[in-house]
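So the chains spell out like this:
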Amino acid sequence: MSDGPTYGFDTLQIHAGARPDPATGSRQTPIYQTTAYVFRDADHAAALFNLQEVGYIYSRLTNPTVAVLQERIATLEGGAGAVCCSSGHAAQIMALFPLMGPGCNVVASTRLYGGSVTQLSQTIKRFGWSATFVDTDDLDAVKAAIDENTRAVFCESIANPGGYVTDIRALADIADAAGLPLIVDNTSATPYLCRPIEHGATLVVHSTTKYLTGNGTVTGGCVVDSGTFDWSASDKFPSLSQPEPAYHGLKFHETFGPLAFTFHGIAIGLRDLGMTMNPQGAHYTLMGIETLSLRMQRHVENAERVAGWLEADDRVDYVTYAGLPSSPYAERVKAQYPKGAGALFTFAVKGGYDACVKLVNALEIFSHVANLGDARSLIIHSASTTHRQLTPEQQEAAGAGANVVRISIGIEDADDLIADLDQALSKATA
Ligand SMILES: Cc1ncc(COP(=O)(O)O)c(C=O)c1O
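Values in this document were obtained by computation on a predicted structure and should not be read as measured data. (Residues numbered from 1 in each chain as written. Predicted model: local features only at pLDDT ≥ 70, side-chain atom pairs only at ≥ 80, totals over all residues. Heavy atoms only, no water.)

Novice: Looking at this model, I keep getting lost on unusual backbone geometry. Mind explaining?
Specialist: Most peptide bonds are trans, and most residues other than glycine sit at a negative phi. The omega torsion across asparagine 160 and proline 161 is 15°, close enough to zero to call that bond cis. The backbone of leucine 51 sits at a positive phi, close to 60°, despite the residue not being glycine. Among the structural elements, leucine 51 can be located in the loop between helix 2 (42-49) and helix 3 (64-77). Positioned with a positive phi, histidine 248 is a non-glycine residue whose angle comes to about 30°. With relative accessibility at 58%, the residue histidine 248 sits in the exposed group. (Helix = DSSP H or I, 4+ residues; strand = E, 2+ residues; numbered from the N terminus. Buried < 20%, exposed > 50% of the residue type's maximum accessible area, 1.4 Å probe, protein only.)

Structure (structure tokens):
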């Protein structure tokens, strides 16, 4: 696409970042299945390695198919640049890597995907990093959790599993006042339902495994940079503002301005951590993204119907869907998620743990899997699976108690989904 008029979301999800292949005219983005790229001559090679010229060296760093996906996601999120990587979890490490160092901490929401809670509460300790968890609806607690060693605030827009919606603007204001970047995991909302950068986020991370691909075929991740954060305003982010020893003393912020974080992610993050997305994976995600808006509209429409039906059913204790008119988040949804509250939520089954287990066993259309954001409807009992490593208190805080199941509503016929839940609830609560 040319740098012409500003196109709408539906146009950009198909065209952004792509142009007919210069070698063949291929209309669809080719899968550049190659490890390395021939340099024109020795000077060209040196210029590429010095980051004086942008181009392709080796597919651990950059690949033309992956580059199209990066530009597409950056455009849809309204960011300056993006780096794709091998999974959503890889994206979270890639986002934190330039910011953190031994002794530094991230202030994170208690309402995160269970795997993210484990990654941030346990695994990052090996790097000498730590996380302080807070209820991000308690803004005073967020402010109080920030100390001189904090380097970022981290939340999910629509939180997995509860479907709670986060007040991104309020968190961005707190992070801003403290001179910190706000990182938003926008996996469950996608840029179709929410564009965190417009609400003040600095970085957006994605598990492209979910709705962006939309068909449950590949794992992938992405870090989008807004390009708006002043990394040189304090001495907190030396990897970006000071000479970087891992790239012969290059000052990323001074050299690349709004693209500093993106260049750092490629030149150091992918180069040294090696969490690269492969071109075949990028191809599947590019295919999925072409229909993102259409799928999300249907996901939301179905979720609203199913959640409304469940809420009215007396075999169900409560439904957490933020898109219900009865939700305490209804006003927030209108303000920051105007196209809907997504399609991921939990509900509590009367009969507790045993009833939940019977329910997942009895469903026929819903698949019992550890995934979300597929065209298919999915269900999981989080407490015995994705959130199993968490303490009961952490499970409760994350909205994944023993009596709740999480559902990811697909794009099938809503009537069929309701009928399936109806028959399975009868068996589960008989
Ligand atoms: C909200 C959220 N973020 C991140 C991840 C991690 O993504 P991946 O499985 O691609 O590593 C998940 C996985 O379920 C998720 O639900």
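Novice: Mind showing me how you'd approach the sheet that holds strand 4 (residues 150-156) here?
Specialist: Hydrogen bonds along the backbone pair up the strands of a sheet, which may run parallel or antiparallel. Taken in spatial order, the seven strands line up as 1-7-6-5-4-2-3 in an open sheet, and their pairing is mixed. Edge positions in the sheet fall to strand 1 (81-85) and strand 3 (130-134), since each has one partner strand and no second. Taken over all neighbouring pairs, the strand axes of this sheet differ in orientation by 20° on average, direction set aside. Pairing between strand 1 and strand 7 (residues 221-225): five bridges, direction antiparallel. (Pairing = 2+ DSSP bridges. Axes fitted to C-alpha atoms, helices over the stretch in contact; angles between N-to-C directions.)

Novice: Could you clarify how one ought to interpret the domain arrangement of the protein chain in this entry?
Specialist: One frequently used descriptor of interface size is the decrease in accessible area upon assembly of the parts. Domain parsing of the protein chain yields domain 1 (9-288) and domain 2 (292-429). Centre-to-centre, using C-alpha coordinates, domain 1 lies 28 Å away from domain 2. Contact residues are listed per partner, giving 42 residues for domain 1 and 42 residues for domain 2. For the pair domain 1 and domain 2, the summed buried surface comes to about 3,400 Å²; carbon and sulfur atoms form 55% of the total. It is Pro161, Tyr192 and Tyr211 that lose the most area in domain 1 upon contact with domain 2, and together they represent 23% of the buried surface on that side. For the pair domain 1 and domain 2, the interface holds one salt bridge. For aspartate 137, the salt bridge identified is with arginine 332, shortest N-O distance 2.8 Å. Between domain 1 and domain 2 we count 20 residue pairs in polar contact (both at pLDDT 80 or more) in total. Of all the elements in the fold, those that place two or more residues in the side of domain 1 that touches domain 2 are helix 1 (9-15), helix 5 (114-121), helix 7 (168-177) and helix 8 (190-193). Grouping the amino acids of the side of domain 1 that touches domain 2 by side-chain chemistry returns 17 nonpolar, 19 polar and six charged. (Domains from an automatic or database assignment. Contact = heavy atoms within 4.5 Å. Buried area = accessible area lost by both parts, 1.4 Å probe. Salt bridge = Lys/Arg side-chain N within 4 Å of Asp/Glu carboxyl O. Polar contact = N/O pair within 3.5 Å; in protein donor to acceptor, adjacent residues only side chain to side chain. Nonpolar A, V, L, I, M, F, W, Y, C, P; charged D, E, K, R; others polar.)

Novice: I'm lost on the site of the ligand in this one. Help?
Specialist: By nearness alone, 14 residues border the ligand, and Gly88, Asn160, Asp185, Ser207 and Thr209 come closest of all. Between serine 87 and the ligand, the recorded distance is 3.5 Å, taken from a side-chain N or O atom to an oxygen atom. Here an oxygen atom of the ligand sits 2.9 Å away from a polar atom, N or O, in the main chain of histidine 89. Protein burial of the ligand: of its 400 Å² of free accessible surface, 90% is covered by the chains. No other element matches the three residues that helix 4 (residues 88-96) contributes to the shell around the ligand. Residues belonging to the shell around the ligand are distributed by class as follows: two nonpolar, nine polar and three charged. (Near = heavy atom within 4 Å. Areas by Shrake-Rupley, 256 points an atom, 1.4 Å probe, with all protein chains shown as cover.)

Novice: How should the packing of helix 3 against helix 12 (residues 279-289) be read in this particular structure?
Specialist: Each pair of packed helices can be summarised by the angle the axes make with each other and by the distance between the axes. Between helix 3 and helix 12, the shortest axis-to-axis distance is 8 Å and the interhelical angle comes to 40°. By crossing handedness, the relation of helix 3 to helix 12 is classed as left-handed. Packed against helix 3, whose contacting residues are Thr65, Val66, Val68, Leu69, Arg72, Ile73 and Leu76, the element helix 12 presents Pro279, Ala282, His283, Thr285, Leu286 and Ile289 at the interface. Here the residues of the contact of helix 3 with helix 12 sort into nine nonpolar, three polar and one charged. (Left-handed = near helix turned anticlockwise from the far one by under 90°.)

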